[in-house]
Number of protein chains: 2
Amino acid sequence: MKWNDIGNQTCSVARTLAIVGDRWTLLVLRNAFLGTRRFEDFQQHLGVTRHVLASRLKRLVEAGVFRKDAYQPNRHEYRLTEMGLALYPVIMAMAHWGDTWLDEGKGAPLVYRHRPCGQLTTPTLVCSECGEPLDPRQVTPLAGPGLSPGTLPRPLPEAG
Amino acid sequence: MKWNDIGNQTCSVARTLAIVGDRWTLLVLRNAFLGTRRFEDFQQHLGVTRHVLASRLKRLVEAGVFRKDAYQPNRHEYRLTEMGLALYPVIMAMAHWGDTWLDEGKGAPLVYRHRPCGQLTTPTLVCSECGEPLDPRQVTPLAGPGLSPGTLPRPLPEAG
DNA sequence: GACCGCGCGTTTCTTTTTGGAACCCGTCGT
DNA sequence: ACGACGGGTTCCAAAAAGAAACGCGCGGTC
């Protein structure tokens, strides 16, 4: 199966990965959340080749994750749209996993202050309904309205 | 910069991506959370080539994300470890982003029941301290204990 | 106990995608 | 008018992915 076919699957994870599913794209996004906006800055900070960076930025702009703002004739800044900002939980979930499981005893490279409450925060995934942290063993996936048959490893009950 | 060099950066996202940062790995994990455990099932359901699947599973086992349990001599199941289960927020964040921004008007393919509270849940990233949803514009990254100098696009204040 | 098929890979070969480095081109400052 | 800079594109070699066939131990079956 090829890259673009993946995006056509009936799976939200697959469709998401068709846009952001490679390491450079996700690193570009992480830097965007740290304030990077320009081609040259992404390139130098990440060490990605210009070739690959150009193709990734192009894809992200086409997908609507970045907006390309001219700050001078022929020079642009790549800025996160609302759609792009909505990827924050993905990046933070990865950062937190790395902090927790791969820190090599040195502690997290970055910590985060949540300005509204003033505290250093640990980003936590919770249930929208009861507010408790989500444990995969306590969550049952159900067939939703957009599911086509045969796309799952096993049959699932209907949502209700 | 090459793949493995990325994992040595002082950045939790980069280290995380060195393990799970390609589309097939993340799709393997998504299926693992849906209950898939065997090589043949991953292969057939995802359509990934056997070659690539074998290399991804190998990396995930070496990293400690999967455990390889023999269920017969010479046959194994790949099961998520605690470390692997901890990737749930990453997968759910991607699923939710896809549901929200890429659903093509058909609705989510899957919905999720949180058994402890009984409700259909929307996984939400909140501040561990105040419980409010995290908005990237309201979070200030600070230098943490594990930060080496020069790894950031711009200088950052110290945590404290 | 020979045969068949399954699960789980490995091998081989071809096609895509990266990495690396040079090159291009319009604008800006001087 | 001239050089430097930002933001790419082009070219070639190296690495990774796709496709399909092959290997091999085990378990069931006659």
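Shown above is the structure to which this text applies.
All values derive from a computational prediction rather than experimental measurement.

> Help me understand the packing of aromatic side chains in this model?
Geometry of an aromatic ring pair is reported as the spacing of the ring centres plus the angle between the planes. Residues and elements named next belong to chain B. This model, assessed by the stated rule, comprises 6 aromatic pairs over all chains. An angle of 55° between the planes, with centres 5.1 Å apart, marks the rings of phenylalanine 33 and tyrosine 88 as tilted. Pair noted here: phenylalanine 33 is in helix 3 (residues 23-33) and tyrosine 88 is in helix 7 (residues 88-101), with a separation of 55 residues, a long-range link. Among the residues examined, phenylalanine 33 registers a relative accessible area of 17% and is labelled buried.

> What is the right way to read the relation of the copies chain B and chain A from this model?
Here two copies of a chain appear, and what relates them is a rotation about an axis with a shift along it. With an RMSD of 0.1 Å, the operation that places chain B on chain A is a rotation of 180° combined with a shift of 0.0 Å along the axis. What we have between these two chains is a two-fold relation.

> Any chance you could explain the environment of A:Trp97 here in plain terms?
Note on placement: A:Trp97 falls in helix 7 (residues 88-101). Each C-alpha atom, one on A:Trp97 and one on A:Thr25, is 18 Å from the other, the two residues being 72 residues apart in sequence. When residues no more than four places from it in sequence are discounted, the contact partners of A:Trp97 are A:Leu102, B:Thr16, B:Ile19, B:Val65, B:Met83, B:Ala86 and B:Leu87.

> Quick question: what am I supposed to make of the sheet that holds strand 6 (residues 139-143) of chain A here?
Note on sheets: strands pair through backbone hydrogen bonds, and any given pair is parallel or antiparallel. The antiparallel open sheet is built from 3 strands, whose spatial order is 6(A)-3(B)-4(B). In the strand order of this sheet, the two ends are held by strand 6 of chain A together with strand 4 (119-120) of chain B, each with one partner.

> In this structure, what is going on with the sheet that holds strand 6 (residues 139-143) of chain B? I would like to understand it.
Sheet architecture is open: 3 strands sit in the order 4(A)-3(A)-6(B), paired in antiparallel fashion. The open sheet has two edge strands with one neighbour each: strand 4 (119-120) of chain A together with strand 6 of chain B.

> How should I be thinking about the side chain of A:Thr36 in this particular structure?
If you trace the backbone, A:Thr36 turns up in the loop between helix 3 (23-33) and helix 4 (39-46). When sequence neighbours within four positions are dropped, the list of residues in contact with A:Thr36 reads A:Asn31, A:Asp41, A:Phe42, A:Tyr78, B:Pro153 and B:Arg154.

> Looking at this structure, how should I read the pairing of strand 5 (residues 123-127) of chain B?
Taken residue by residue, a regular strand's side chains alternate between the two faces of the sheet. In terms of burial, strand 5 of chain B is a largely internal element, 4 of the 5 residues being buried. By the bridge criterion, 5 bridges tie strand 5 (residues 123-127) of chain A to strand 5 of chain B in an arrangement that is antiparallel. Bridge pairing links A:Pro123 to B:Cys127 in strand 5 of chain B.

> Explanation requested: the pattern of salt bridges in the structure shown.
It is possible for side chains of opposite charge to pair when their charged atoms get near one another. All told, the structure shown has 16 salt bridges over all chains when counted by the stated rule. Among the salt bridges present, the one from B:Asp69 reaches B:Arg67, with a minimum N-O distance of 3.1 Å. Residue class for B:Arg67 comes out partly exposed when judged on its relative accessible area of 40%. A single network of salt bridges, built from pairs that share partners, joins A:Asp22, A:Arg56 and A:Arg59.

Parameters at a glance
Residues numbered from 1 in each chain as written. Chains lettered and ligands numbered in written order. Predicted model: local features only at pLDDT ≥ 70, side-chain atom pairs only at ≥ 80, totals over all residues. Heavy atoms only, no water. Phe/Tyr/Trp six-rings, centres within 6.5 Å; stacked < 30°, edge-to-face > 60°. Helix = DSSP H or I, 4+ residues; strand = E, 2+ residues; numbered from the N terminus. Buried < 20%, exposed > 50% of the residue type's maximum accessible area, 1.4 Å probe, protein only. Least-squares fit on C-alpha atoms with pLDDT ≥ 70 in both. Contact = heavy atoms within 4.5 Å. Pairing = 2+ DSSP bridges. Salt bridge = Lys/Arg side-chain N within 4 Å of Asp/Glu carboxyl O.

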